[in-house]
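# What the coordinates show
This is what each chain is made of:
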Amino acid sequence: MNHPATHVGEEELVQLLEETLTDNDRQRVESHLETCSMCQAKLAATAGTDAWWNAASSYLGLERPTQSEDEHVDLHEIQSILAPSDDPRMMGRIGTYEIAGVVGSGATGIVVKALDPALNRFVALKLLRPSLAVSPAARSRFEREGRAAASIVHENVIAVHGVSEFNGVPYLAMPYIAGESLGARIRRSGPMNLDEILRVGLQVASGLAAAHEQGIVHRDVKPGNILLETGVERLKLTDFGLARVIGDNGLTVTGMLAGTPEYMSPEQAKSEDVDARSDLFCLGSVLWTMSVGRPPFVGDSCYAVIRKIVECNPTPLRHLDPRLPSWWQDVVSTLMQKSPAKRFRSANEVAETLRTCLAHVQDTANPLPKGLGHTTRSQSWKTIGWTLAVAIGLAIMGSLVVQPWAKSTVSDPPAIQADAPAPDLDLHAWEDGTDESLKRVQAMLDSLNSIDD
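It should be emphasised that the depicted structure is a prediction, and the values quoted were computed from it without experimental measurement. (Residues numbered from 1 in each chain as written. Predicted model: local features only at pLDDT ≥ 70, side-chain atom pairs only at ≥ 80, totals over all residues. Heavy atoms only, no water.)

### Here we look at the overall build of the chain
Broken down by element type, the chain carries 17 helices and 11 strands. By the burial criterion, 43% of the 453 residues in the chain qualify as buried. For the chain, the accessible area works out to roughly 24200 Å², and carbon and sulfur atoms hold 52% of it. (Helix = DSSP H or I, 4+ residues; strand = E, 2+ residues; numbered from the N terminus. Buried < 20%, exposed > 50% of the residue type's maximum accessible area, 1.4 Å probe, protein only. Areas by Shrake-Rupley, 256 points an atom, 1.4 Å probe, with all protein chains shown as cover.)

### Quick look at the side chain of glutamate 267
Within the element layout of this structure, glutamate 267 appears in helix 9 (residues 266–269). Note on glutamate 267: relative accessible area 5%, which makes it buried. There is a polar contact of 2.8 Å between the side chain of glutamate 267 and the side chain of arginine 343. Glutamate 267 has contacts with Glu272, Asp273, Val274, Arg277, Ser278, Lys338, Pro340 and Arg343, leaving out every residue within four places of it along the chain. (Polar contact = N/O pair within 3.5 Å; in protein donor to acceptor, adjacent residues only side chain to side chain. Contact = heavy atoms within 4.5 Å.)

### A closer look at the sheet that holds strand 9 (residues 226–228)
Strand order in the open sheet formed by three strands is 7-9-10, with antiparallel pairing between adjacent strands. Of all strands in the sheet, those with a lone pairing partner are strand 7 (180–181) and strand 10 (235–237), marking the two edges. Where strand 7 meets strand 9, two bridges bridge the pair, whose relative direction is antiparallel. Pairing of serine 181 across the sheet is with leucine 227, part of strand 9. (Pairing = 2+ DSSP bridges.)

### Overview of the confidence of the model for the chain
Considering every residue of the chain, the mean pLDDT works out to 77; 67% of them sit at 70 or more. For residues 400–433, every residue scores under 50 in pLDDT, and the model assigns this stretch 18 contacts once sequence neighbours within four places are set aside. Confidence drops under a pLDDT of 50 for residues 448–453, and excluding neighbours within four residues, the segment shows 14 contacts in the predicted structure. (pLDDT = per-residue confidence, 0-100.)

### Some points on the environment of isoleucine 309
Along the chain, the position of isoleucine 309 falls in helix 11 (residues 302–311). Note on isoleucine 309: relative accessible area 0%, which makes it buried. In this structure, isoleucine 309 is in contact with Pro261, Glu262, Met264, Ser265, Pro266, Ala269, Phe281, Phe297 and Lys338, ignoring residues within four places of it in sequence.

### Let's talk about unusual backbone geometry
Positive phi is not limited to glycine here, since arginine 219 has a value of about 75°. Structurally, arginine 219 can be placed in the loop between strand 8 (216–217) and strand 9. With phi around 60°, aspartate 239 is a residue other than glycine that occupies positive phi space. Relative to the helices and strands, aspartate 239 is located in the loop between strand 10 and strand 11 (244–245).

Right under this line is the structure:
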């Protein structure tokens, strides 16, 4: 059976160290080791002593890999429940699935890459951490995630193939997405292009709309829970571990925060009841992050972040990147309003807005959503006009100030003493509005105020 993306078996690692592999096998194994940290760790364990490792690393030109404490815990927890596998290239077995390795983990779950022998395809298994499997509350939440995700049928929501249990640990079987998370993409490349942001936002909004139609609020929309299957062209919204059915408070604990602090809505941060509009605020935070490359609310502690979410508005996007259009700042600002009533009415409305915006970015002949472009242009002209009016007014006042000296010759201006009294200026014309210059300025301001928003 062909396993093009599986890990190197222990037997081949031993042969590599003993230099008994054929040239083709050696090149294949070495190529895999260059990019696979898990097999690098297995190589270090297989080598055993430092003498063995030093010889191997010198031969391969590799540094000795180190595992973080979290990775060590993940591997230890997974290995504690695995059954032996007949395939030496696999870590072990869960039910009928052959486990190839750990691909991600969170506070309550671990995701592994597994081979389904019956269909000869890779899948992703999400397991409840074995250390939490004895907790009825944790099991209930995990089962709720499975039910929530399985009830949503949409191309932008991760599907659940099945729910089962092995050695007392429940797990979900899902499609294996070979791409990367949106969070990893942003960490790797920084801010994204506006058309890419709109494509991602449109798909996430569409997936949320499907969830909301089932009465399900995700409550943890963040870049790490958005999987890019083929770049920004196709993605999956995943991890419904915090999802809840609107009106169902059965598993809610008073005072407990649910969600990732940097992407919480204000109502989540205050442990208040949430509805679908809470997910829209979280989506706005994701769009803000994609636009500038960092979350809108950051702090030295969880408390500091939550306080900012509740009390502060995010920095306007154009203050951080003036190249972003003002209408885009308006869209994100509307999503991130503190009051749910001031946000978009639904995820469907957001999706339609983003779809229209994307069409405009692709071809400016396509109009922006009603209200975005026209209002922004009017406000921009008003801002420019007010600036010009103020400048003209200051110039006129300046001419009044220098007028008493206008009769002096240019070659011999009067000396001005530091403690000399200010010249007598007739400001009554400015105060009562009879000065002709003031009237012209006022007429300009009245004209600007008459612009239709």
